[in-house]
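Spelled out from the first residue to the last, the chains are:
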Amino acid sequence: MDWLQVVVLSIVQGLTEFLPISSSAHLILVPVLTPWNDQGLAFDVALHIGSLSAVVLYFRQELVRMAVSWAGSLRGAGMDDDARLAWGVLLATLPVCVFGLAFRDAIEVGMRSPLIIAGGLIGFGLVLGYADWRHRVGRSEYQLRLRDVVLIGLAQALALIPGTSRSGITITAALLLGMSREGAARFSFLLSIPVIVLAGGLEVIGLVQEAATVDWSAVVVGTLLSGVSAYLCIHYFLVVIKRVGMQPFVVYRLLLGAWLLWLFW
């Protein structure tokens, strides 16, 4: 890897992991649209560590409260808002784990084409646009019902399709269920933590089995750049959606999807 590739991939991962524009689509498209070789599993792990560090750091206070309350609920101390939110994050993660393990190989082999990505960007982008357009001031992440958690978790499993966007589909589902924009985004970000941990864990297993040589300088720089860009992305995304909603991201998805159709149809 040259340093331009390291910088571009790190920033792309950091920005697109949490924006509703599909990080997997962008990371698949970079080697398709450039002469760069595949970056390798070690660098993929580094990018995930950077993104995970950013979201954990940003929500550190909420995560501490959730962990304490969740542990208390296991000891029979009752269920407060933080404990319910922690259980909600865990429950909503189950569908993507089941479907991911069941269909991982089929998705990686058969669904990484630019045309499928374009379809996901456009189709799910239109649904996001509708959900945001009909949005009304709604509930926060602390007011989720069990039905909401189950439906958002099932929607998250659709993010296994490249071009869908994990954050995009979970925010869309949450908006359609009556959550506020900020509540939908914050719950989506919290949901990303176990998903990134699981995805990174699978990559670590693959890395150990591969026993390849690791470029540690690229790994360190990639982790730092991914983490910094992801942290800034989370902060400014929450600011932007309060003012203008999701429509700028919908427009971006439609334009990118149309461009891909024009290139590869």
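This text follows the structure it describes.
Because the structure is predicted, anything quoted here is derived from the model rather than measured. (Residues numbered from 1 in each chain as written. Predicted model: local features only at pLDDT ≥ 70, side-chain atom pairs only at ≥ 80, totals over all residues. Heavy atoms only, no water.)

Taken together, the side chains of Leu91, Leu94, Val98, Phe99, Phe103, Leu146, Val150, Leu151 and Leu154 define a hydrophobic patch exposed on the protein surface, amounting to about 790 Å² of accessible area. Those elements that place two or more of their residues in the nonpolar patch are α5 (81-110) and α7 (146-157). Counting through the fold element by element, Leu91 comes out in helix α5. (Patch = residues over 30% accessible without salt bridge, like charges linked within 9 Å, V, L, I, M, F, W, Y side chains within 5 Å. Areas by Shrake-Rupley, 256 points an atom, 1.4 Å probe, with all protein chains shown as cover. Salt bridge = Lys/Arg side-chain N within 4 Å of Asp/Glu carboxyl O. Helix = DSSP H or I, 4+ residues; strand = E, 2+ residues; numbered from the N terminus.)

Next up on the list: the environment of Cys233. Among the structural elements, Cys233 can be located in helix α10 (residues 216-244). The spacing of Cys233 and Cys97 is 136 residues in sequence and 26 Å in space, taken between C-alpha atoms. Once residues lying within four places of it in the same chain are set aside, the contact partners of Cys233 are Gly14, Leu15, Phe18 and Leu19. (Contact = heavy atoms within 4.5 Å.)

This part is about the packing of helix α2 (residues 23-33) against helix α11 (residues 247-264). Running from N to C, α2 and α11 point in directions that differ by 35°, and their axes come no closer than 14 Å. The two elements α2 and α11 cross, and the hand of that crossing is left-handed. Taking contact as the criterion, the partners of His26, Leu29, Val32 and Leu33 in α2 are, on α11, Tyr252, Leu256, Trp259, Leu260, Leu263 and Phe264. Of the residues contributing to the contact of α2 with α11, the split by class is nine nonpolar, one polar and no charged. (Axes fitted to C-alpha atoms, helices over the stretch in contact; angles between N-to-C directions. Left-handed = near helix turned anticlockwise from the far one by under 90°. Nonpolar A, V, L, I, M, F, W, Y, C, P; charged D, E, K, R; others polar.)

As a further point, take the side chain of Ser23. Secondary-structure assignment places Ser23 in helix α2. Using a relative accessible area of 16% as the deciding quantity, one classes Ser23 as buried. What Ser23 contacts, discounting residues up to four positions off in sequence, is Gln13, Thr16 and Glu17. (Buried < 20%, exposed > 50% of the residue type's maximum accessible area, 1.4 Å probe, protein only.)

So, about the packing of aromatic side chains. We describe a pair of aromatic rings using the distance from one ring centre to the other and the angle between the two ring planes. Inspection of every chain in the model, using the stated rule, returns eight aromatic pairs. Residues Phe18 and Phe189 carry aromatic rings whose centres are separated by 5.6 Å and whose planes lie at 85° to one another, so their mutual orientation is edge-to-face. Of this pair, Phe18 sits in the loop between α1 (3-16) and α2 while Phe189 sits in helix α9 (residues 181-210), placing them 171 residues apart in sequence. We classify Phe18 as buried; its relative accessible area is 0%. Here Phe59 and Phe189 contribute two aromatic rings whose centre-to-centre distance is 6.2 Å and whose plane-to-plane angle is 50°, an arrangement assigned as tilted. Taken together, the residues span a long stretch of sequence, with Phe59 in the loop between α3 (41-58) and α4 (60-74) and Phe189 in helix α9 at a distance of 130 residues. What makes Phe59 buried here is its relative accessible area of 1%. Residue classification places Phe189 among the buried residues on the basis of a relative accessible area of 0%. Chaining the aromatic ring pairs together yields one cluster made of Phe18, Tyr58, Phe59, Phe189, Tyr231, Phe237 and Phe249. (Phe/Tyr/Trp six-rings, centres within 6.5 Å; stacked < 30°, edge-to-face > 60°.)

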